[in-house]
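Overview (structure and organization)
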Amino acid sequence: MFSCVGYAAESATAPLAPFSFDRRDPGPKDVQIDIIYCGVCHSDLHQARNEWHNTVFPCVPGHEIVGRVKAVGTEVSKFKVGDLAGVGCMVDSCRSCENCRDGLEQYCNNGFVGTYNGPDKTSGGMTFGGYSKAIVVDQDFVLRIPENLDLKGVAPLLCAGITTYSPLRHWKVTKGQKVGVVGLGGLGHMAVKIAHAMGAEVYLFTTSPGKAEDAKRLGAKDIILSKDAEAVAKHAESFDFIIDTVSADHDVNGYLNALKRDGTLCQVGAPTDPLKVAAFSVIWKRRQFAGSLIGGIAETQEMLDFCAAHNITSDVEMIKMADIETAYERMVKSDVKYRFVIDMETMPTAA
Ligand code: NAP
Ligand code: ZN
Ligand code: ZN
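Residues numbered from 1 in each chain as written. Chains lettered and ligands numbered in written order. Predicted model: local features only at pLDDT ≥ 70, side-chain atom pairs only at ≥ 80, totals over all residues. Heavy atoms only, no water.

1. Quick look at the overall build of the protein chain
Along the protein chain, the regular secondary structure elements total 11 helices and 17 strands. Its C-alpha atoms give the protein chain a radius of gyration of 20 Å, within 12% of the compact-globule value 20 Å for 351 residues. Oriented by its inertia axes, the alpha-carbon framework of the protein chain measures out at about 60 × 40 × 35 Å. Residue pairs in contact within the protein chain that sit at least 24 positions apart in sequence constitute 67% of those at least 6 positions apart. Within the structure as shown, the protein chain displays about 14,700 Å² of accessible surface, and the carbon and sulfur contribution to it stands at 51%. Distance from the positive charge centre (36 side chains) to the negative charge centre (43 side chains) of the protein chain: 5 Å. (Helix = DSSP H or I, 4+ residues; strand = E, 2+ residues; numbered from the N terminus. Rg over C-alpha atoms; globule rule 2.2 N^0.38 Å. Contact = heavy atoms within 4.5 Å. Areas by Shrake-Rupley, 256 points an atom, 1.4 Å probe, with all protein chains shown as cover. Lys, Arg positive; Asp, Glu negative; His and termini not counted. Charge placed at Lys NZ, Arg CZ, Asp CG, Glu CD.)

Structure follows, in structure tokens:
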């Protein structure tokens, strides 16, 4: 074991603070990574503040991890010391159920192991995530990072990128389709970029009129103010697919009504409380209200390669580790442009 410094929440109401813990030495199939950057996902905030009522404290969040390989186990073939490497939301799964065999580890029937707040098979405790100097992960759950992309902007691809890429692929978004993205935050801005790169005509539904210019720069044809019922109604029955990234309670019926026949509204945002779906929003025009969870490891690699080919990275605001609470407060106010990324050089050397 070796000692590692991170930032942890000790309770739902305590601000994140320096925290020392042990990481396992790399086993035969493990890759030890020195973390360079870690993105800040709204899920980190939900989890640190126990908004999903399942957090085990202390909790070290962070699942948008990029770094360099520091050491590899004797049986590791995928990586060598010095390589760039990435870790997303999962560090393990059962690998034998039908979903794992299909490359959909995120839907593992025995529960995947989250990068943080997951049951750590080695320590018997909980996993600790990327708000830390180093991480040790089985090579099967480590991603290869394209060398041609800006590393700071790559980190958020490991969650925000794959969470939006996977449903866009699954529902076969293609050239010429009309696609809506609800919310321009970390996930939303990746959805706009990726759907645009897939050839779709993208519209952003937003509560923030000030994000209009950015939305167009990122690839949206136009924005629709989601609180303006008339503006939303103008687009009734016209969308093939809409992806909803909103992190707080909101009304989804306007978006369902914006779908044409057989269209799908895919929920990826994860508010604490149930959303209300009017029966007629889905009965009418045989619409579907669906959801999607991150993406499998193979698809995450596919997404990274897609982003490398299309020169897509996240628009990031770099922060120091000590500024995480300020970043969380801004995130709650929808004031993110469009992903905070922690520079791990700013982590204190001791807790
Ligand atoms: P984020 O950066 O905070 O973005 C969320 C955006 O939603 C905001 O920027 C805002 O966009 C909009 N929004 C926020 N509050 C709103 C409200 N009350 N009403 C309407 N719109 C509101 O968050 P994120 O990191 O993208 O994550 C978004 C959600 O996805 C979180 O709940 C997170 O836990 C979840 N998530 C799910 C998965 C999955 O696998 N399904 C993976 C990662 C994250 P505008 O200013 O444009 O309105
Ligand atoms: Zn995330
Ligand atoms: Zn499984």
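2. Let's talk about the coordination of the zinc ion (ligand 2)
Coordination sphere of the zinc ion (ligand 2), protein contribution only: Cys41 (SG), His63 (NE2) and Cys159 (SG), at 2.0 to 2.3 Å. For the zinc ion (ligand 2), the donor residues sit on a single chain with the sequence spacing C-x21-H-x95-C. In this pair, His63 sits in the loop between α1 (42–48) and β4 (65–72) while Cys159 sits in the loop between α3 (151–154) and α4 (160–170), placing the two residues 96 residues apart along the sequence. Like Cys159, His63 is buried. (Donors = N, O, S within 2.8 Å, 3.2 Å for Na, K, Ca; no water. Buried < 20%, exposed > 50% of the residue type's maximum accessible area, 1.4 Å probe, protein only.)

3. Considering the site of ligand 1
Neighbouring residues of ligand 1: 30 residues in total, closest His42, Thr206, Thr207, Ser208 and Arg339. A distance of 2.6 Å separates an oxygen atom of ligand 1 from a polar side-chain atom of Thr207. For ligand 1, an oxygen atom lies 2.8 Å from a polar atom in the backbone of Ile294. Coverage of ligand 1 by the protein chains reaches 91% of its 920 Å² of free accessible surface. Of all the secondary structure elements, the ones that give two or more residues to the shell around ligand 1 are α1 and α5 (186–197). Looking at the shell around ligand 1 residue by residue, the class counts come to 12 nonpolar, 15 polar and 3 charged. (Near = heavy atom within 4 Å. Polar contact = N/O pair within 3.5 Å; in protein donor to acceptor, adjacent residues only side chain to side chain. Nonpolar A, V, L, I, M, F, W, Y, C, P; charged D, E, K, R; others polar.)

4. Notes on the packing of α4 against helix α10 (residues 297–310)
It is the contact of α4 with α10, at a shortest axis distance of 10 Å, that shows an interaxial angle of 95°. Relative to α10, α4 is oriented roughly perpendicular. Contacts between α4 and α10 involve Gly161, Ile162, Tyr165, Ser166 and Arg169 from the former and Glu299, Thr300, Glu302, Met303 and Phe306 from the latter. Its residues placed into classes, the contact of α4 with α10 shows 4 nonpolar, 3 polar and 3 charged. (Axes fitted to C-alpha atoms, helices over the stretch in contact; angles between N-to-C directions. Parallel < 35°, antiparallel > 145°, perpendicular 65-115°, else oblique.)

5. What about the sheet that holds strand β12 (residues 222–225)?
Strands sit in the order β12-β11-β10-β13-β14-β15 across an open sheet of 6 strands; the sheet is parallel. The open sheet has two edge strands, β12 and β15 (288–291), and neither has a second partner. Within this sheet the neighbouring strands show an average axis-to-axis angle of 25°, counted without direction. Across the sheet, α4 lies against β10 (178–182), β13 (239–244) and β14 (259–267), angled at about 155° from β13, the strand it touches most. (Pairing = 2+ DSSP bridges.)

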